[in-house]
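A structural walkthrough
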Amino acid sequence: MSAVAVRSGSSRILLVEDNPGDADLTSERIADVAVAPYELRLATSLSDAVHTLSAFTADAIILDLNLPDSVGLETLARIKRSAGSAAIIVVSGFIDEELRSRALEDGAEEVFSKDDAGSRLFARSVLYVIERNIERNSAREQHRELERLLDSNPDAILVVNPDAGVLYVNRAAVALFGKGRGELLGTSLPFALDGDGTVEVSVRRPDGERLCELRAVATTWQREPATLAAIRDISERKNTEAMREAVRLKAEFLANMSHELRTPLNAIIGFSELLAEPAVNADAEKRTTYIGHVLTSARHLVRLINDVLDLAKVDAGKLVFIAEQTRLDMIMREVADSLGSLAAQAGAEIVVTADDTANDVYLDPVRLKQVLYNYLSNALKVAPKGTRVVVRSLPDRDGRVRIEVEDAGAGIPPDQLPRLFAEFQQLTTGSTTAHQGTGLGLSLTKRIVEAQGGTVGVASVVGKGSTFFAVLPRRATSAAPN
């Protein structure tokens, strides 16, 4: 066995040839045409070649098919099992088209006859095959390294072709989708990848859906155009943000509720102390006025406390509804009359419009009054002086009835509408709340209406006013606590 020792990093060739003359000729021709450094080792039998390959990583194997211990295509099959990523160049004393075709099918890169093996063209072909194979192996190794890097990424990584077919998934993607790699490869993504920047998508798993952030970038994969999608599960983060927001809103609510409760309490205490003074007690007009202030403040305080208690009952499923036959026009007028003083203070007029075809209902009159009171009192707070607040009833679809309260106020910006019926939230204008209050009224209204099988909503135009509505069945679908 002979070898040409060269510097590290050169290409490596294993020449498997039992004829010393042919081996020397092939070695000489390769030495004649080689430009870059290389290392060549010789094996004179198949067993010798297999042994050499156990410690020598070849880039190319020049293989004589007919050896002392193996003949024909069986030689190719046996050497291939030990060749690794080496390119195999077959040399044989007799080559026809059938043998050439079968050798190429069985894994040979090139096929030459012994007559060709002594030429410089053969040597150049060998070196070209080696260069091409080194580049190919380098690309494979780079691709494997890329896959290893992607596999270590905590985000789910998928590579898809232009038709959104999955070409690659990393370990995190397998965990996110709850499916094996084999199940994901070749399938199509359930969402589009044509958006710019980061978008939110929902990933359906066997145990439910997860909210995720998706970012997609154009790339190439195995020299073909593709898209790399990075998906990050943000469900826990969103839940944490929601919990923090809920805590913040409740803290604001408690601070606001504390203020709202103290206001009527201070009025009750203050006017009660004044009533205890002899001079005030002797003045019948002052006494009557102060007593009125005490009563007004006390009633306001009771309403605040009742709202809190009712909301707690709704949450616990224990709010009692006592449905009975009643008329909407009578309830609307009673609530309008009870708010007469507030309307006078606001300089607005309450107008009641009742549709006779929507009057007779079987609902809880106390809860209906609560709904109307919340709507009307809010409308009076925003109604400009000299305008009207209209409360009306009318028939709705599917035999239901609709109650509306319309004001001519400033209207509500579209971005504020989702906050209207949310618990503990108030509308804001800039950095301040638009109207003082606990933030419970509309939330409680929504819960009361929905508990009886109805729905609430609002239509608003900035600068023109708002219309709040409640749609209810003529007969309550739930008239008892859970």
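To keep things clear, this report deals only with the structure shown in the data block. (Residues numbered from 1 in each chain as written. Predicted model: local features only at pLDDT ≥ 70, side-chain atom pairs only at ≥ 80, totals over all residues. Heavy atoms only, no water.)

1. Section: the sheet that holds strand β8 (residues 166-169)
On the basis of which strands lie adjacent, the open sheet formed by five strands has the order β8-β7-β11-β10-β9 and antiparallel pairing. Two strands lie at the open edges of the sheet, namely β8 and β9 (198-205), each paired on one side alone. Across the sheet, the mean angle separating the axes of adjacent strands is 35 degrees when strand polarity is ignored. One ladder, built from ten bridges, connects strand β10 (residues 208-221) with strand β11 (residues 224-233); its direction is antiparallel. Bridging across to β11, Thr220 finds its partner in Pro225. (Pairing = 2+ DSSP bridges. Helix = DSSP H or I, 4+ residues; strand = E, 2+ residues; numbered from the N terminus. Axes fitted to C-alpha atoms, helices over the stretch in contact; angles between N-to-C directions.)

2. Observations regarding the pattern of salt bridges
Counting across every chain of the model gives 24 salt bridges. With a closest N to O distance of 3.2 Å, Arg171 and Asp151 form a salt bridge. One end of the pair, Arg171, is in helix α7 (residues 171-177); the other, Asp151, is in helix α6 (residues 120-151), and 20 residues separate them in sequence. A salt bridge links Arg204 to Glu209; the nearest nitrogen and oxygen atoms lie 3.3 Å apart. You can call Glu209 partly exposed: its relative accessible area is 49%. Residues joined by salt bridges that share partners form a network here, namely Arg392, Asp396, Arg402, Glu404 and Glu406. (Salt bridge = Lys/Arg side-chain N within 4 Å of Asp/Glu carboxyl O. Buried < 20%, exposed > 50% of the residue type's maximum accessible area, 1.4 Å probe, protein only.)

3. Describing the packing of helix α14 (residues 365-382) against helix α15 (residues 441-451)
Here α14 crosses α15 at 150 degrees, and the two axes come no closer than 10 Å. When the axis of α14 is compared with that of α15, the two are roughly antiparallel. Our pair here, α14 against α15, has a crossing hand that is left-handed. Counting all contacts with α14, which are made through Arg367, Gln370, Val371, Asn374, Tyr375 and Asn378, the residues of α15 involved are Gly441, Leu442, Leu444, Thr445, Ile448 and Val449. A class-by-class count of the residues in the contact of α14 with α15 yields six nonpolar, five polar and one charged. (Parallel < 35°, antiparallel > 145°, perpendicular 65-115°, else oblique. Left-handed = near helix turned anticlockwise from the far one by under 90°. Contact = heavy atoms within 4.5 Å. Nonpolar A, V, L, I, M, F, W, Y, C, P; charged D, E, K, R; others polar.)

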